[in-house]
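Take a look at the letters that make up each chain.
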Amino acid sequence: MLIFIKNIEVYSPEYKGKKNILILDDKIAYIGDDDIDLKLPFPVKVIDGSKYYAFPGFIDGHVHITGGGGEGGFATRTPEIVLSDIIKGGITTIVGCLGTDGVTRSMENLYAKAKALEEEGVSTYIYTGSYRVPTTTLTGSVMKDIMMIDKVIGVGEVALSDHRSSQPSIDEIKRLTADARVGGILSKKAGVVNIHLGDGDRMLGYLKEIVDTTEIPITQFWPTHINRNPSLFKEGIEYAKKGGFIDFTTSSDPVFWEEGEVKASRAIRICLEEGVGEENITLTSDGQGSLPQFNEKGEFVKLGIGRVTSLYKEVRDAVLEDKVPIDKALKCITKNPARILKLNNKGRVDVNMDADLVLVDKDSLEIETVIAMGKILMEDKNILFRG
Ligand SMILES: CC(C)C[C@H](NC(=O)C[C@H](N)C(=O)O)C(=O)O
Ligand SMILES: [Zn+2]
Ligand SMILES: [Zn+2]
């Protein structure tokens, strides 16, 4: 399929000005000022881009695509994701993970759901493992999972500083990270370790000690939920200034904001004001994951469900409410996660990149059209289900 998008202002995520974009099959074939005279003997879809901005397709690096939860018993296990939510959220690349429950949720099911979403047009990857160490795997080995299974891009979400973790020793985390790193090196993959930070007092202590006492680089870790409370957020800023990546969760509930969670859109602004490198900041949604509330005795109170549509909502809030420049806010869900995940064809609007694009209304910044691997999944807010 040939798609020609004319006269569109492009955020690649850096602002490129008004361009014409030609998509050929699943790649961006041309981006530039020339008006291509398309007298071709086959259909070309022409889109008038004058009322849109073009953004890179969004990358959500942490989604419970087969559902998660369960912290309030079996009735609180959350549902698996539906494709329409992913499309409405402008997400064209998604990384699936397991969470607290690594028993009724399996790696096999996670892999199958990732393959299903890929068949439906979205680029998908998965982390091997769940909250617990030793991790659940597909082949019995973290290193083998990463090296032998194309969709496995790293390990996670591994829980630290949380009453629901497996209370791993620091040596267990060192070995797990070493296996992920070497598995990644040997298969040209990220081998990144997605770390879940809970509300415990140890915070990023384990990661800082591993970085200080081994040869493992700080960039091997991708710690998430860093905005969940003010102390962790503050420590995260210092950690990022040392070159680490920090990830803010966009799914939330007003009760968390009362308890001190830093709204993701504000977290971006504060980090930029504090001098954190803009390439060290990311957002992920924790979509379909549970958002459980526990009282001070550690007793379950209730839980909500994460939504992937919160990912872009927080970027849009950052721009419209927190006055973060569009390109810097966009980087958090495009170029930055692409670099962390070593997805070299993703996260940027440029020639030879995968044709993953989101067209938003220039005034409202609302998502209008979503193109994934050169296929239009939503046009003018209408989802185009293909049979
Ligand atoms: C960041 C906070 C608000 C949510 C966070 N969610 C998960 O980690 C996923 C969840 N446990 C699941 O397994 O589905 C949490 O529970 O701390
Ligand atoms: Zn988590
Ligand atoms: Zn999660």
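As the structure is a prediction and not an experimental result, all values here were calculated from the model. (Residues numbered from 1 in each chain as written. Chains lettered and ligands numbered in written order. Predicted model: local features only at pLDDT ≥ 70, side-chain atom pairs only at ≥ 80, totals over all residues. Heavy atoms only, no water.)

(A) Layout of the coordination of the zinc ion (ligand 3). Looking at the metal site, the zinc ion (ligand 3) is ligated by H62 (NE2), H64 (NE2), E157 (OE) and D286 (OD), spaced 2.1 to 2.2 Å from it. If you look at the zinc ion (ligand 3), its 4 donor atoms make angles of 89 to 167° with each other, and the shape they trace is irregular. Read in sequence order, the donor residues coordinating the zinc ion (ligand 3) give the pattern H-x1-H-x92-E-x128-D. (Donors = N, O, S within 2.8 Å, 3.2 Å for Na, K, Ca; no water. Tetrahedral: all angles 85-135°; square planar, octahedral: opposite > 155°, others 65-115°.)

(B) The coordination of the zinc ion (ligand 2), seen in detail. At the metal site, the zinc ion (ligand 2) is ligated by E157 (OE), H196 (ND1) and H225 (NE2), and these contacts range over 2.0 to 2.2 Å. Classification of the site at the zinc ion (ligand 2) rests on its 4 donor atoms, whose angles at the metal span 93 to 123°, yielding the label tetrahedral. Sequence spacing among the residues donating to the zinc ion (ligand 2) works out to E-x38-H-x28-H. Here the zinc ion (ligand 3) and the zinc ion (ligand 2) are spaced 3.4 Å from one another, each receiving a donor from E157. Taken as a pair, H196 in strand β10 (residues 192–197) and H225 in the loop between β11 (221–224) and α6 (230–241) lie far apart in primary sequence, 29 residues in all. Given a relative accessible area of 6%, H225 falls into the buried group. (Helix = DSSP H or I, 4+ residues; strand = E, 2+ residues; numbered from the N terminus. Buried < 20%, exposed > 50% of the residue type's maximum accessible area, 1.4 Å probe, protein only.)

(C) A look at the packing of helix α4 (residues 170–186) against helix α5 (residues 205–213). Two numbers describe how α4 lies on α5: the axes approach to 10 Å, and their chain directions differ by 65°. Pair α4 / α5 crosses with right-handed handedness. Along its contact with α4, which presents I170, I173 and K174, the element α5 presents Y206, E209, I210 and T213. Residue composition of the contact of α4 with α5, by class: 4 nonpolar, 1 polar and 2 charged. (Axes fitted to C-alpha atoms, helices over the stretch in contact; angles between N-to-C directions. Left-handed = near helix turned anticlockwise from the far one by under 90°. Contact = heavy atoms within 4.5 Å. Nonpolar A, V, L, I, M, F, W, Y, C, P; charged D, E, K, R; others polar.)

(D) Just the packing of aromatic side chains, in detail. Counted under the stated rule, the structure contains 7 aromatic pairs. Plain terms: the ring middles of Y11 and Y53 are 5.3 Å apart, the flat faces sit at 85° to each other, and that makes the pair edge-to-face. In this pair, Y11 is assigned in strand β1 (residues 2–11) and Y53 in strand β5 (residues 52–56), connecting sequence segments 42 residues apart. Here Y11 and Y53 have matching classes, each one buried. Measuring from centroid to centroid gives 6.3 Å for Y53 and F55, while their planes differ by 20°, and the two rings are stacked. (Phe/Tyr/Trp six-rings, centres within 6.5 Å; stacked < 30°, edge-to-face > 60°.)

(E) The site of ligand 1, seen in detail. Close to ligand 1 lie 18 residues; G69, E71, T100, Y131 and R164 are nearest. R228 is positioned with one of its side-chain polar atoms (N or O) 2.9 Å from an oxygen atom of ligand 1. One of the side-chain N or O atoms of D286 is found 2.9 Å from a nitrogen atom in ligand 1. Expressed as a share of its isolated accessible area of 420 Å², the protein-covered part of ligand 1 is 98%. (Near = heavy atom within 4 Å. Polar contact = N/O pair within 3.5 Å; in protein donor to acceptor, adjacent residues only side chain to side chain. Areas by Shrake-Rupley, 256 points an atom, 1.4 Å probe, with all protein chains shown as cover.)

(F) Fine view of the nonpolar core. In terms of nonpolar packing, the biggest core is built from 79 residues, with F55, F58, I94, F248, L283 and Y312 touching the most fellow members. Discounting chain neighbours no more than four positions away, the residues touching F58 are G89, G90, I91, T92, T93, L311, Y312, L330, I333, T334, V358 and I367. Counting residues in each nonpolar core, the second largest holds 18 residues, with I5, V10, I28 and A355 among its members. (Core = buried A, V, L, I, M, F, W, Y, C linked by side-chain atoms within 4.5 Å.)

(G) View of the pattern of salt bridges. Considering all chains together, one arrives at 31 salt bridges under this definition. One salt bridge connects D162 with R164, and the closest N-O pair in it is separated by 2.8 Å. The pair D162 / R164 is uniform in exposure class, with both members buried. Sharing partners across several salt bridges, the network here consists of E14, E278, K328, K331 and K335. (Salt bridge = Lys/Arg side-chain N within 4 Å of Asp/Glu carboxyl O.)

(H) Region of interest: a nonpolar patch on the surface. Taken together, the side chains of V182, I185 and L186 make up a nonpolar region of the molecular surface, amounting to roughly 270 Å² of accessible area. With respect to the secondary-structure elements, I185 resides in helix α4. (Patch = residues over 30% accessible without salt bridge, like charges linked within 9 Å, V, L, I, M, F, W, Y side chains within 5 Å.)

(I) How the structure looks around the side chain of T177. Tracing the chain through its elements places T177 in helix α4. Residue classification places T177 among the buried residues on the basis of a relative accessible area of 0%. Residue contacts for T177: discarding those within four places in its chain leaves V193, I216, Q220 and F221.

(J) Here's a closer look at α5. Taken together, the buried positions of α5 are occupied by Y206, L207 and I210. For α5, the angular spread of the buried residues around the axis is 95°, confining them to a single face. Where the residues of α5 are buried, they touch β9 (152–160), α4, β10, β11 and α6. (Arc of directions from axis to C-beta.)

(K) Here's a closer look at the environment of D35. Along the chain, D35 turns up in the loop between β3 (27–32) and β4 (44–48). Taking C-alpha positions, D35 is 26 Å from L365, a pair spaced 330 residues apart along the chain. Excluding anything up to four places from it in sequence, D35 contacts F4, K6 and N20.

(L) Structural view of the pairing of strand β6 (residues 58–63). With respect to burial, β6 is a largely interior element, 6 of its 6 residues being buried. For β6 and strand β7 (residues 91–96), the ladder comprises 4 bridges, and the chain directions are parallel. Counted as the bridge partner of V63 is G96 from β7. Handedness of the crossover joining β6 and β7 through helix α1 (residues 83–88): right-handed. (Pairing = 2+ DSSP bridges. Right-handed = clockwise from strand over helix to strand, strands pointing away.)

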